[in-house]
Amino acid sequence: MENTKKVNYHESKFINQNGIQQTIMIPVVQDLAELKTLPENFIQNPAATHPFPPNASFEPIDMVKIQSREIRKLGRVCEDWGMFIIENHGLDPRLLHDRRGRAAEVVKRFFELPFEEKKSSVGTYTSADNMGYGRNFVKSEDQPLDWIDRLAMKAAPEGASDGLCVWPTNPPNFRSVIEKYVKATRKLMNELLQALAKAISLDKQSFSQYFNPNTSEINVRVNYYPPCPRPDLALGITPHTDASALTLLMQFESSNGLQVFKDDHWLTVPWPCNTLLVNLGDLMEIMSNGRLKSPWHRVMTQSEMGRSLIALFYNPPAQVEIGPVKGEEAMEEYKKVVVKEYLKHFYKVSPTASKVAIMYAKVN
Ligand code: OGA
Ligand code: NI
């Protein structure tokens, strides 16, 4: 027998075309990691990867110099790539990937728990929309599946997921460690909102004006990509943009998973392990009147080892209406949208074969 491991299933709930809630059972990918062949429902046949252009300017952004000469570089890298690596972020390394713990360690310890313990540690995950331990984005029985297990929580506004039991209680320090990480990185993201506005010659409050310390949203998602028998046939995450304003990613164990679509090619982002990467989302594209575009990206898997990652999705409060902040350009190319309405639209249409969700916010 090829796989001696018992395969457990996530219950994934979705509303079908007739408006009826349906539940599909999706295998827990961790339980498939020892297979030698890829189960058919994971076959996606991703388009080929091209080499990253050796002379491309994908320079890391130095947070120490962000008030001065780094600003122009930030504008250039964002206009070219829609994402950037940050260095000298000033975060306490013990918060990130210290041996004894912190963010990387609690994530690892959670995924090492047996399935039943994970499930009971997270509680009533199926009743909370797309939150907790499980899957999202599955919309039909015949949709090809991504090679990923994930865990999703709301870290802000404060108290947003109280009572939903979506935060694991095991390891016991999971929530406190992740909340500390969120608190520290939130400062960094606020700084970046201002820097990004300045980078495209707008007033520095242009984007941060929509945010609010008490009601802005931060969704935390932990992605775990177990080793995959056929990285050439599978995807960790199917191509997408992020719906957020900013996404802050920290990866551990391994790199070479994230790819960006540029000039008709898929390129592996040269993103070293244990560093932070910022990805611009659709809400940023709208606020910047299309000058800062959300990149189309996907995640590849690998056969030798797993990879995990913490993603923070930073959004203005759900009820806020955002709109394009115009610079010198003549026209507003995007409409005003209420954050919540945009997100609703995004999740309703996703996954899509190309970057179309944003059309909802574009002036025709
Ligand atoms: C995402 C994402 C990138 C990665 O979670 O939206 O794009 O490398 N993640 O896991
Ligand atoms: Ni993404």
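Residues numbered from 1 in each chain as written. Chains lettered and ligands numbered in written order. Predicted model: local features only at pLDDT ≥ 70, side-chain atom pairs only at ≥ 80, totals over all residues. Heavy atoms only, no water.

- Identification of the chain as Iron/ascorbate family oxidoreductase from Handroanthus impetiginosus is taken from an unreviewed UniProt entry.
- Recorded in UniProt under Sequence similarities (unreviewed entry), the annotation for the chain is "Belongs to the iron/ascorbate-dependent oxidoreductase family." (UniProt positions renumbered as here; feature names shortened; annotations may be inferred.)

## Here we look at the coordination of the nickel ion (ligand 2)
Then step 1. For the nickel ion (ligand 2), the full set of protein donor atoms is H240 (NE2), D242 (OD) and H297 (NE2), and the range of their distances to it is 2.1 Å.
Then step 2. Considered as a linear motif, the donors of the nickel ion (ligand 2) on their single chain read H-x1-D-x54-H. Placement of D242 in the loop between β9 (237-240) and β10 (246-252) and of H297 in strand β14 (residues 297-299) is noted, with a sequence separation of 55 residues between them. Each member of the pair, D242 as well as H297, carries the same accessibility label: buried. (Donors = N, O, S within 2.8 Å, 3.2 Å for Na, K, Ca; no water. Helix = DSSP H or I, 4+ residues; strand = E, 2+ residues; numbered from the N terminus. Buried < 20%, exposed > 50% of the residue type's maximum accessible area, 1.4 Å probe, protein only.)

## Section: the pairing of strand β8 (residues 217-225)
Then step 1. The buried fraction of β8 is high, at nine of nine residues.
Then step 2. Because side chains alternate across β8, one face comprises the buried residues E217, N219, R221, N223 and Y225, and the other comprises I218, V220, V222 and Y224, equally buried.
Then step 3. Across seven bridges, the pairing between strand β7 (residues 149-156) and β8 is antiparallel. When the sheet's bridge partners are listed, R150 is paired in β8 with N223.
Then step 4. Alignment of β8 against strand β15 (residues 307-315), held across nine bridges, turns out to be antiparallel. The residue bridging Y225 from the neighbouring strand is R307, located in β15. (Pairing = 2+ DSSP bridges.)

## So, helix α1 (residues 70-81)
Then step 1. Compared with an ideal rise of 1.5 Å per residue, which puts 12 residues at 16 Å, α1 spans 16 Å between its outermost C-alpha atoms and is within 8% of the ideal.
Then step 2. All of the buried residues along α1 are E70, I71, K73, L74, G75, V77, C78 and W81. (Expected span 1.5 Å × (residues − 1).)

## Points about the packing of α1 against helix α5 (residues 174-199)
Then step 1. Look at α1 against α5: their axes get within 8 Å of each other, and the N-to-C directions meet at 85°. In this view, α1 runs roughly perpendicular relative to α5, as classed from their interaxial angle. Residue-level inspection shows I71, L74, G75 and C78 of α1 in contact with α5, the latter providing A195, L196, K198 and A199.
Then step 2. Partitioned by chemical class, the residues of the contact of α1 with α5 number six nonpolar, one polar and one charged. (Axes fitted to C-alpha atoms, helices over the stretch in contact; angles between N-to-C directions. Parallel < 35°, antiparallel > 145°, perpendicular 65-115°, else oblique. Contact = heavy atoms within 4.5 Å. Nonpolar A, V, L, I, M, F, W, Y, C, P; charged D, E, K, R; others polar.)

## A word on the packing of aromatic side chains
Then step 1. Counted by the stated rule, this structure contains 15 aromatic pairs.
Then step 2. Between F58 and W81, the ring centres sit 5.7 Å apart and the planes meet at 75°, which makes this aromatic pair edge-to-face. Taken together, the residues span a long stretch of sequence, with F58 in the loop between β3 (49-50) and β4 (61-62) and W81 in helix α1 at a distance of 23 residues. Of the two residues, F58 and W81, both sit in the buried class. (Phe/Tyr/Trp six-rings, centres within 6.5 Å; stacked < 30°, edge-to-face > 60°.)

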